[in-house]
Amino acid sequence: MGILEGKRILVTGVITDSSIAFHIARLCQEQGATVVLTGYGRLSLVERIAQRLPETPPVLELDVTDTEHLDSLADRVREHVDGLDGIVHSIGFTPQEALGGNFLNTSWEDVATAMHTSTYSLKALSTALLPLMKDGGSIVAMDFQHNVSFPVYDWMGVAKAGLMSTARYLARYLGKDAIRVNLVSAGPLRTMAARSIPGFEELADMWPERAPLGWDTANPEPAARAVVALLSDWFPATTGEVVHVDGGFHSTGA
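Residues numbered from 1 in each chain as written. Predicted model: local features only at pLDDT ≥ 70, side-chain atom pairs only at ≥ 80, totals over all residues. Heavy atoms only, no water.

How we decide: UniProt positions are given in the numbering used here, feature names are shortened, and annotations may be inferred rather than shown by experiment.
If you check an unreviewed UniProt entry, the chain appears there as Enoyl-[acyl-carrier-protein] reductase [NADH] from Streptomonospora nanhaiensis. Under the UniProt heading Catalytic activity (unreviewed entry), the entry covering the chain gives this text: "a 2,3-saturated acyl-[ACP] + NAD(+) = a (2E)-enoyl-[ACP] + NADH + H(+)".

## Focus: the nonpolar core
Put simply, the rule reads: We define a nonpolar core as any set of buried Ala, Val, Leu, Ile, Met, Phe, Trp, Tyr and Cys residues linked to one another through side-chain atoms lying within 4.5 Å. When accessible area is computed with a 1.4 Å probe and restricted to protein chains, residues below 20% of their type maximum are described as buried, those above 50% as exposed, and intermediate ones as partly exposed. Any two residues having at least one pair of non-hydrogen atoms within 4.5 Å are treated as being in contact.
Cys 28 and Leu 37 are the most contacted members of the largest nonpolar core, which has 50 residues in total. The contacts of Cys 28, once residues within four sequence positions are left out, are Leu 4, Ile 9, Ala 33, Val 35, Val 228 and Leu 231. Membership of the second largest hydrophobic core comes to 32 residues, among which are Leu 73, Leu 163, Met 164 and Ala 171.

## Quick notes on the UniProt feature "binding site: NAD(+)" (unreviewed entry) in the chain
This is how the line gets drawn: Helix and strand definitions follow DSSP, with helices as H or I runs of at least four residues and strands as E runs of at least two, each counted in order from the N terminus. Here a polar contact is recorded for every N or O atom pair within 3.5 Å, except that within protein the pair must consist of a potential hydrogen donor and a potential acceptor, and residues adjacent in sequence are included only if both atoms are side-chain atoms.
Annotation from UniProt places "binding site: NAD(+)" (unreviewed entry) at Gly 13, Ser 19, Ile 20, Asp 63, Val 64, Ile 91 and Lys 160. For Ser 19, the location among the structural elements is in the loop between strand S1 (8-11) and helix H1 (20-30). Its relative accessible area of 7% is what places Ser 19 among the buried residues. Beyond its immediate chain neighbours, meaning those up to four positions away, Ser 19 contacts Gly 13, Val 14 and Thr 191. Within the structure, Ser 19 has its side chain in polar contact with the backbone oxygen of Thr 16 (distance 3.0 Å). Relative to the assigned elements, Ile 20 resides in helix H1. Note on Ile 20: relative accessible area 16%, which makes it buried. Setting aside its immediate chain neighbours within four residues, Ile 20 contacts Met 142, Leu 189, Thr 191 and Pro 220.

## Looking at the packing of helix H4 (residues 108-129) against helix H5 (residues 154-174)
Counted only if it meets this: The convention used is that axes are lines fitted to C-alpha atoms, helices contributing only their stretch in contact, and that angles between N-to-C directions extend from 0 to 180 degrees. The cut-offs work like this: below 35 degrees is roughly parallel, past 145 is roughly antiparallel, 65 to 115 is roughly perpendicular, and the gaps in between are oblique. Working rule for handedness: look at the near helix, and if it is turned counterclockwise from the far one by less than a right angle, call the crossing left-handed; if clockwise, right-handed.
Two numbers describe how H4 lies on H5: the axes approach to 9 Å, and their chain directions differ by 20°. It follows that H4 is roughly parallel to H5 by the angle criterion. The element H4 and its partner H5 pack so that their crossing is right-handed. Contact residues: H4 offers Val 111, Ala 114, Met 115, Ser 118, Thr 119, Leu 122, Lys 123 and Ser 126, while H5 offers Trp 155, Met 156, Val 158, Ala 159, Gly 162, Leu 163, Thr 166, Ala 167 and Leu 170.

## Overview of the sheet that holds strand S2 (residues 34-39)
Definition in use: Here a strand pair is declared whenever DSSP counts at least two bridges between the two strands.
Strand order in the open sheet formed by seven strands is S3-S2-S1-S4-S5-S6-S7, with parallel pairing between adjacent strands. In the strand order of this sheet, the two ends are held by strand S3 (59-61) and strand S7 (242-245), each with one partner. Across this sheet, the average inter-strand angle for adjacent strands is 20°, counted without regard to direction. One ladder, built from four bridges, connects strand S4 (residues 86-89) with strand S5 (residues 137-143); its direction is parallel. Among the inter-strand pairings, Gly 86 is bridged to a residue of S5, identified as Ser 138. Contacts between helix H3 (residues 67-78) and the sheet are confined to S1 and S3, with S3 contributing the most and set at about 155° to the helix.

Pasting the structure below:
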């Protein structure tokens, strides 16, 4: 039996089979969970990628900035599972104008888009699915080191700092419902989302050089395992936490 045997998990953010979310979904299934995916935009692509998982899960359309999508989400999930034990938030988007060293020139409209999609969406997703988590459970969101500034990351770094705070407030307010809320802060990985960041290579090259354990930017498995562990019952008293999966980079100086 796997550590997620019998659990029902919703995973957002699968775009390709290099997505962190894809590997989270795969490991969830391998550990015994029933998985439901959400996708946005090219839904047919997500459906094709879903067929590469051990079992093909249902794929639901979800734009986390669309109130109608969120309002109907719980009912649409109920068509496939009778409740949820876990939610994975692997969603982030920042307009190009808010990245790549353009911090001082970014407009509020672009910042607002980044914050809505990458930060507020954790609260919106969690509250939309709260009716399905009557027996408690675990919410895990994907983070990136946000306690320092990095070249090129700019307003996405601000959005990730906000994500951390959002997770902690959710942990405060959802604790009474036996729901844990945690973040996994992974090192840079060569996903489609990462390739959209101007100057990503400059950012990623720091990790293999400075992480005490080294860091493979092509291997999402360590981060996915951490998410699965937090979704399981093996962390029953952990909430509002950030688990770093970055080869130890966060712990080192220059």
